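Coordinates in review
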Amino acid sequence: MENYDMKVDFSNFFPQLCFTGFVLSTFAYYRYIITKADTLNFTDLLWKVFITGLITTLISLAIRLFFTVFAQSTLVESPLTVNFFYNILIALVVIFMVSTLVVWKRLILYQKSKNLLQLWGFFEIALVASLLFDFFSIQYGEPKFNVALVILGCFSIILVFNLKWVAYLNFKQKWKGILFILLSAIYLYHFLLNLLKFSSTEVLVIDLFDRVFIWGLFIFLFLYAVISILVTLFNLPTSSVFEQKLKEALDFQKLSQSIPRGETRDQTYEILLESSMSAVFADAAWLEIKEESGITKVIRNLKDQEVNAIKSSIKSETIKSILKLELNSEINPGKLTDDLKHQQYKSIIALPIMVQNRQEGFIVLLNEVSEAFNREMVNIITTFVNQASISLENLTLIKESIENERYKEQLKIAKNVQKSLLPTSLINNDHLTMAAFSMAADEVGGDYYDILEYKKNHFGLIIGDVSGKGTSAAFQMAQMKGIFHSLAHQGVTPEEFNKKANIALSQCLDKTSFITATYFDINTEKNILHFSRAGHCPSLFYCKTADSVDYLKCDGMGLGMVRNSSYDDYVHSNTVNYHVGDTLLLYTDGITEAKNSDGEQFGDIRLKKAFTKHASKAPDQVKEGIKNDLSEFIGEMVIDDDYTLVVIQFKDSKNG
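We now turn to the structure provided with this report. (Residues numbered from 1 in each chain as written. Predicted model: local features only at pLDDT ≥ 70, side-chain atom pairs only at ≥ 80, totals over all residues. Heavy atoms only, no water.)

**With respect to the nonpolar core**
Note the following rule: By convention a nonpolar core is built from buried Ala, Val, Leu, Ile, Met, Phe, Trp, Tyr and Cys residues, the set being connected through side-chain atoms within 4.5 Å. The cut-offs for exposure are 20% and 50% of the maximum accessible area for each residue type, with area from a 1.4 Å probe on protein chains only; residues under the lower value are buried, those over the upper are exposed, and the others partly exposed. Strands here are runs of E lasting at least two residues and helices are runs of H or I lasting at least four, both read from the DSSP assignment and numbered beginning at the N terminus.
Judged by nonpolar contacts, the single largest core of 77 residues is most densely connected at Phe 19, Leu 101, Trp 104, Leu 107, Phe 123, Trp 165 and Phe 220. Going through the elements one at a time, helix H1 (10-36), helix H2 (42-69), helix H3 (79-108), helix H4 (114-133), helix H5 (143-159), helix H6 (171-199) and helix H7 (212-257) are the ones with two or more residues in this core. Here this core takes 17 residues from H3, the largest share from any one element. Of all hydrophobic cores here, the second largest spans 50 residues; its members include Leu 461, Ile 463, Ile 522 and Leu 529.

Written out as structure tokens, the structure is:
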């Protein structure tokens with residue numbers, strides 16, 4: 001029994017304490033760095049090992065070069081110099097070996113199980129114990145040293161065959177992995193040779209070759225490197241086949257996305273939940289979908305009260321937003337998994353179920369082991385969820401197609417109604433002649449124009465633009481027509497027209513809507529245009545005598561923008577005398593705001609130039625000339641607003 005007494009060598013205590021502290025702090029640092037970078041793939045992890053080894057090896061080579069250059073100098077024989085550079089070498093060895101240990105751990109625990117986690121936990125305890133064992137100054141080759149080394153070696157042999165991550169590498173990644181791991185093994189061998197050269201020196205304060213921890217760690221790292229290279233090499237012949245099958249599966253997925261699955265919603269939910277649990281080895285799961293009838297929930301291996309408890313234990317804000325159906329944008333796949341503080345379940349993965357770019361539900365998968373879900377599992381579940389979303393979307397589209405058919409029928413009716421609101425024939429008599437054109441951005445629009453002779457030689461003319469587009473704008477346009485015909489037949493002045501129209505429209509327009517308009521009272525006996533503008537585009541007037549085009553000026557505010565008596569303060573009017581051959585152009589802002597492919601608007605200046613170019617022609621030619629100029633400007637661009645043109649040319653009233 002006396003042979004096994006272990007006494008602490010206090011002359012070795014402080015150097016060993018510093019060494020132990022450095023090892024533990026290095027392990028904590030690299031564990032934090034590698035764990036934090038959860039988006040790293042396998043080749044990125046191996047690259048980190050390669051770079052760390054390269055840097056530390058270059059520094060160690062520089063140390064060896066120093067001793068070679070000054071081999072004849074008394075400087076390299078000094079105990080202080082030898083221990084100084086040897087301690088630097090120790091730090092390099094520890095940094096490389098510990099960082100490699102953390103990476104190897106990440107690879108070994110890629111697919112976790114309870115047994116594997118327990119085994120790795122025992123191995124880490126054994127490594128820490130070996131650090132404490134080294135305090136007793138037991139030298140290399142002693143029985144106790146050999147027993148401790150055998151224990152660490154047994155753990156290493158069991159752990160190094162956990163190489164499931166190799167199967168997820170493609171052909172190119174496997175060759176990269178072989179290269180990086182081979183270089184890592186070469187770095188280990190290089191450090192071993194360097195340590196051997198220093199070990200022969202008797203002035204060392206601390207000798208790494210007498211440390212069980214270093215030998216045990218070296219054996220584990222070297223064994224895992226050798227086994228990884230061999231397994232990866234054996235997997236190379238199957239890589240191309242695997243990648244081909246994967247491509248076929250992706251192609252099948254693309255094909256299946258274009259074909260309706262045809263299942264009912266309940267069947268789709270069941271298939272999604274079962275497939276997802278099987279793919280990622282989940283212990284429990286649930287799925288929730290928001291439907292018109294309420295929330296549909298499908299649960300596996302859980303109770304409702306457990307679901308609520310799990311929800312309350314979630315820390316991730318991203319997962320919380322998914323469970324609240326608040327997701328409105330794409331998220332990083334790395335944020336879809338998290339650990340849980342729950343008595344039974346330690347890992348969670350949550351994915352949103354999107355239908356037509358809206359989150360309609362989510363699926364949650366649980367595992368009893370912490371950090372059980374990895375990036376590949378997220379990708380697999382994402383594929384399943386996308387496929388299920390397509391099936392749900394197909395069912396939704398079938399329902400919507402029925403609704404769309406009904407809507408199209410209603411739209412046809414609205415379009416016919418809108419056509420009936422615009423004048424079926426334009427005035428063409430001895431006093432004036434007209435041409436007009438109107439096009440809606442949607443099936444129906446909100447532009448309106450009309451003219452009527454409310455008494456002999458007196459005409460009421462209006463052009464208006466309802467805010468917005470579509471059926472609601474067309475409905476408000478119908479209201480405007482009724483008001484126009486009612487007030488025009490009364491022979492009201494343009495100022496009175498706008499005041500009374502504002503009162504009427506304030507009662508029926510919704511709060512966000514308004515109408516711009518310009519109302520003209522044309523007196524063909526006296527050749528007078530009396531008009532009032534309610535926020536509409538200013539009209540253009542061509543004077544034939546002066547051969548000039550100018551805007552008809554008049555201030556005003558849109559109808560329905562101010563819904564009380566103070567609106568009257570914004571109503572103004574103006575009067576213009578016209579002559580034979582003069583031409584009036586009315587239009588809506590859809591023309592001036594039309595854009596070309598560069599995003600440039602047609603604008604007031606181009607419209608004025610186009611009108612000036614064609615104003616002396618007949619109204620139909622003026623209309624067609626401006627339309628052609630506009631079409632040439634916008635090219636292939638689709639017009640995104642209603643636009644209307646009304647051209648009126650005046651004749652000699654004495655012939656009436």
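Now that the structure has been shown, we can carry on.
**Considering the packing of aromatic side chains**
Counted only if it meets this: Geometry of aromatic contacts follows a simple scheme: Phe, Tyr and Trp rings, the Trp one being its six-membered ring, pair when their centres are within 6.5 Å, and the pair is stacked under 30 degrees between planes, edge-to-face over 60, tilted otherwise.
A complete count under the given rule lists 26 aromatic pairs for this structure. Relative to Phe 85, the ring of Phe 84 has its centre 5.2 Å away and its plane inclined at 80°; by these criteria the two rings are edge-to-face. Among the aromatic residues, those joined into a ring-pair cluster are Trp 47, Phe 50, Phe 96, Phe 180, Tyr 187 and Phe 191.

**Details of the packing of H4 against H5**
For the record, the criterion: For helices, the fitted axis covers only the stretch in contact; all axes are lines through C-alpha atoms, and the angles between them, taken along N-to-C directions, range from 0 to 180 degrees. Throughout, the term roughly parallel applies to angles under 35 degrees, roughly antiparallel to angles over 145, roughly perpendicular to angles from 65 to 115, and oblique to all others. The crossing is said to be left-handed when, going from far helix to near helix, the turn is anticlockwise and less than a right angle, and right-handed when the turn is clockwise. Contacts: residue pairs with any heavy atoms within 4.5 Å of one another. Here the nonpolar group is Ala, Val, Leu, Ile, Met, Phe, Trp, Tyr, Cys and Pro; Asp, Glu, Lys and Arg are the charged ones; every other residue, Gly included, is treated as polar.
Running from amino to carboxyl end, H4 crosses H5 at an angle of 155°, the nearest separation of the two axes being 10 Å. Classified by the angle their axes make, H4 and H5 are roughly antiparallel. Both H4 and H5 take part in a crossing whose hand is left-handed. Residue-level inspection shows Leu 116, Leu 119, Trp 120, Phe 122, Phe 123, Ala 126, Leu 127, Ser 130 and Phe 133 of H4 in contact with H5, the latter providing Lys 144, Phe 145, Ala 148, Leu 152, Phe 155, Ser 156, Ile 158 and Leu 159. Taken together, the residues of the contact of H4 with H5 break down into 14 nonpolar, two polar and one charged.

**Observations concerning the pattern of salt bridges**
What counts, and what does not: Salt bridges are counted wherever a side-chain nitrogen of Lys or Arg sits within 4 Å of a carboxyl oxygen of Asp or Glu.
Summed over all chains, the structure comprises 14 salt bridges. Note that Glu 317 is salt-bridged to Lys 320, the shortest N-O span being 3.7 Å. Separated by three residues within a single helix, Glu 317 and Lys 320 lie in helix H10 (residues 317-323), roughly one turn from each other. Among the residues examined, Glu 317 registers a relative accessible area of 58% and is labelled exposed. Lys 320 gets classed as partly exposed once you look at its relative accessible area, which sits at 28%. Across the pair Lys 613 and Asp 629 runs a salt bridge whose closest N-O atoms are separated by 3.3 Å. With a gap of 16 residues between them, Lys 613 in helix H15 (residues 603-614) and Asp 629 in helix H16 (residues 619-634) connect regions that are remote in the sequence. For Asp 629, a relative accessible area of 16% gives the class buried. Salt bridges sharing common partners tie together Asp 620, Lys 623, Glu 624 and Lys 627.

**Some thoughts on the sheet that holds strand S3 (residues 337-339)**
The criterion, for reference: In this description, strands pair whenever DSSP reports at least two bridges between them.
Across the sheet, which stays open at both edges, the five strands sit in the order S2-S1-S5-S4-S3 with antiparallel pairing between neighbours. Edge positions in the sheet fall to strand S2 (294-300) and S3, since each has one partner strand and no second. The mean inter-strand angle of the sheet, taken between neighbouring strand axes irrespective of direction, is 20°. Where S3 lies against strand S4 (residues 347-355), three bridges are found, and the strand directions are antiparallel. Bridge pairing in S4 links Asp 339 to Ser 347. On the sheet, helix H9 (residues 304-312) packs against strand S1 (284-291), S2 and strand S5 (358-367) and is oriented at approximately 90° with respect to S1.

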